[in-house]
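Structural characterization, general
Spelled out, the chains give:
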Amino acid sequence: STPNRSYLRRRLGSTNPHMMSSHYLGRRFCRLGLVLTTILVFCAAADVGSEQSAEESAAPPPIASLTMSLSMRDSALPPDAPPQMIDASARVLPGEDAAIGAFRFAEEFTLWDVDTVMNVMEELHEKLPEGYEPDEELVPKCGKRACSAGKLWKRADGLRKADIWDGSGADLLRALKKKGLEADFVAKCKAGMGRAFEGVRRQREREKREREEEEKAEKRREEEEKAMADAAERKAKYEQAWEAFVESVGGKTEERAVGADGTVENEGLTQGIVQAFLQAKYADAVALIRKIPGNAKTQNVWLIEARCHEILGDFRSALSAAGHLIQKSASHETWKPGSPRMMAVTLGANAAMQLGQSDKALRFYQTVLKFDPDAADARVQYRGLKKVIKLLDQAKEQIDKGYNKAATAHIDDCLSAMSGLDVDSPLFRSKIQLKLCTTLSGMGKHEEALLKCDKAVEVREAGGDAVPPGDRKEAYLVRAEALLLDMNYDDAVADFRAAFDLVPDQAEEKGDLHRRLQQAMRQQEDFNGGKKDHFYNEHRGFPNGKPPERDHLKILELPVNLDEHGKEIKCSWLKKQFKKLVRKFHPDKYKGDKKRAARKFKEVTDSKTHLSEEWGC
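Not measured: the values here are computed from a predicted model. (Residues numbered from 1 in each chain as written. Predicted model: local features only at pLDDT ≥ 70, side-chain atom pairs only at ≥ 80, totals over all residues. Heavy atoms only, no water.)

1. Here we look at the overall build of the chain
Just so we agree on the cut-off: To qualify as a helix, a DSSP run of H or I must reach at least 4 residues; to qualify as a strand, a run of E must reach at least 2; elements of each kind are numbered from the N terminus. The buried label applies to any residue whose accessible area, calculated with a 1.4 Å probe on protein chains only, is under 20% of its type's maximum; exposed applies above 50%, and partly exposed to all values in between. In this description, contact between two residues means that some pair of their heavy atoms is separated by no more than 4.5 Å. All accessibility values rest on the Shrake-Rupley procedure with a 1.4 Å probe; residue burial counts only the protein chains present in the view.
Broken down by element type, the chain carries 24 helices and two strands. Residues classed as buried in the chain amount to 44% of the 617 residues present. Taking contacts inside the chain between residues at least 6 apart in sequence as the whole, the part at least 24 apart equals 58%. Of the roughly 32700 Å² that the chain leaves accessible, carbon and sulfur atoms contribute 51%.

2. A closer look at a positive patch on the surface
Test applied: A patch consists of residues exposed above 30% relative accessible area that lack any salt bridge, with like charges linked at up to 9 Å and nonpolar side chains (Val, Leu, Ile, Met, Phe, Trp, Tyr) linked at up to 5 Å. For this analysis, a salt bridge means a side-chain nitrogen from Lys or Arg found within 4 Å of a carboxyl oxygen belonging to Asp or Glu. Positive residues here are Lys and Arg, negative ones are Asp and Glu, while His and the chain termini are left out of the count. For the purpose of locating charges, the reference atoms are NZ of Lys, CZ of Arg, CG of Asp and CD of Glu.
Together, R206, R209, K216, K405, K576, K580 and K584 give the surface a local cluster of positive charge. Examined against the element boundaries, K576 turns out to sit in helix 23 (residues 567-584).

3. Looking at the state of the cysteines
To keep it simple, the criterion reads: Note on disulfides: each one is a pair of cysteine sulfur atoms within 2.5 Å.
Per the stated rule, a full pass over the model turns up three disulfides. Between C142 and C147 runs a disulfide, and the two sulfur atoms are separated by 1.9 Å. Its torsion about the S-S bond being 100 degrees, the disulfide of C142 and C147 is classed as right-handed. By relative accessible area, which is 9% here, C147 ends up buried. There is a disulfide in this structure between C437 and C453, and the S-S distance comes to 2.0 Å. The chirality of the disulfide connecting C437 with C453 is left-handed, given an S-S dihedral of about -95 degrees. Pair noted here: C437 is in helix 17 (residues 426-442) and C453 is in helix 18 (residues 446-462), with a separation of 16 residues, a long-range link. Note on C453: relative accessible area 0%, which makes it buried.

4. Observations regarding the side chain of Q433
Tracing the backbone shows Q433 in helix 17. Those residues in contact with Q433, other than ones at most four positions away along the chain, are E224, M228, K452, K455 and A456.

5. Here's the deal with the side chain of Q381
Its place among the elements puts Q381 in helix 15 (residues 376-401). Assessed through its relative accessible area of 10%, Q381 is described here as buried. If sequence neighbours within four positions are ignored, Q381 has contacts with Y365, G420, L421 and D422.

6. Considering the confidence of the model for the chain
The test is simple: Confidence of the predictor at the level of single residues is given by pLDDT, which spans 0 to 100.
Scored by pLDDT, the chain comes out at a mean of 81, with 86% of its residues at no less than 70. Across the chain, the secondary-structure element scoring lowest on mean pLDDT is helix 3 (residues 36-48), at 31, and the one scoring highest is helix 20 (residues 489-501), at 94. For the stretch residues 1-58, pLDDT sits under 50, and the model shows 84 contacts to residues farther than four places along the chain or on other chains.

7. Some points on a negative patch on the surface
A cluster of acidic residues, E210, E212, E214 and E215, forms a negative patch on the protein surface. Secondary-structure assignment places E215 in helix 8 (residues 183-250). Residue E215 is classed as exposed on the basis of its relative accessible area, which comes to 55%.

Written as structure tokens, this is what we have:
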């Protein structure tokens, strides 16, 4: 029958199905007494079902197993609840020894008593088949002879310093199994076991926190998608109100301003403004409006001017026009939703927030409440906007201090508080998403950061000419910096080039952006390699050009001081991180950007191959 895949991978020391070639498998399994035809059958099955991860494959049958009754307390029950008896199973999987099985048993059932774990190890050892030898890759030997207690202690201490607690605990159990040990050495090993148990407990707590963070991130993504949909719905209602306004001004003669002498001023001009606005010729409408003195403009003219500036992306002029309309039409009459002056309030508040002038945005709603204290909608908008502004200020303060985690929490709260507000436009939300992209990227949460940046860029590009080039440039630059931190130099160069093209030729920042683009291109060239020059060419032994210059420790998320340790420690870390990352970035299982997953999967595989050759693993 076809051998179990997780068993084969453990025997081969690899979790990457693509590295399991027929030639490699044939050489390894000749020693195991399996015929080459069986290997070919397995490889064909692995190719067909490569989407299945090692976790989903059926576990191999244990070499030895042991079942015992344990008294356990359920953490979900009150502290004074009596303990419950459960059947706990300890097992030794193919390639392992009794020490690995016993330590895993202690970890699974949080059984931190050294003597009990040693008894489990002894019973498991007795149940092992006669002549069974564990895999050297899982249980390394000390040369041709079995490891002495002293060497096992030394190796366990090295693993402890490298934070490989399960390996350290297993070596200490092997040391305690030796005969004729002195009492001081036994006490030292048991103390080491206590530290190993504590280290594993802390490691599991870290992994639990990481899982919780991933769940929170997934929940934030779902909330963000819902919030974006709600913002788009409010945007649609806002546009419907403007469609109603367009119908109203298009179906009647525009009111005209009357001069002091009783003559009608700007008689044909206001009609031209309305016609240009109805025909979506917003620049022409603005040009005509500028010919009318400010004291001669009517409510509709002010509102048309504000709307034209908003569509053209001139938020400063839109803010000014909306403010003039509110000032001119302010009265103690009821401020009805959908009326021209309430439309001006929403438009002005949006424009102020786009410009970062939150105090002016609040002032619009304060004016409404001053003249109409019973305006319930305005009060809700005012209180919500006040909360959003407070959270944004707190986030900015934390960013300035370099506290990205605290800033991220404030920004998340801000995004939640924005739901239901009129200022929650996709364009304004993109500003907050860029801030979140920066903070998350600084925390090393690159996937979540790039998701925020991608949405911000998408919104600003979808806005077309209504979004100023400076805003689109800002989005590309923020994403480019996040891509650099994620070591995605190809896409970073593309974003820097897009930002560079959005800057006018005569602008001062053009030179700075050009230098930043050139620096990113050099980083791209070093990371990818392959360039041929007078030194790196086929005549000097480099047929593929310059070798890639990569930080393999960073790619594999290995400790920066790993070079200070010996070969066994480095190889243990390498196998551990490789297994973790290929499982994380497997393209068929990755929940995020599949393109990023495929890139990371290849980088991890290449780095593992490079370090394995360098360290002799």
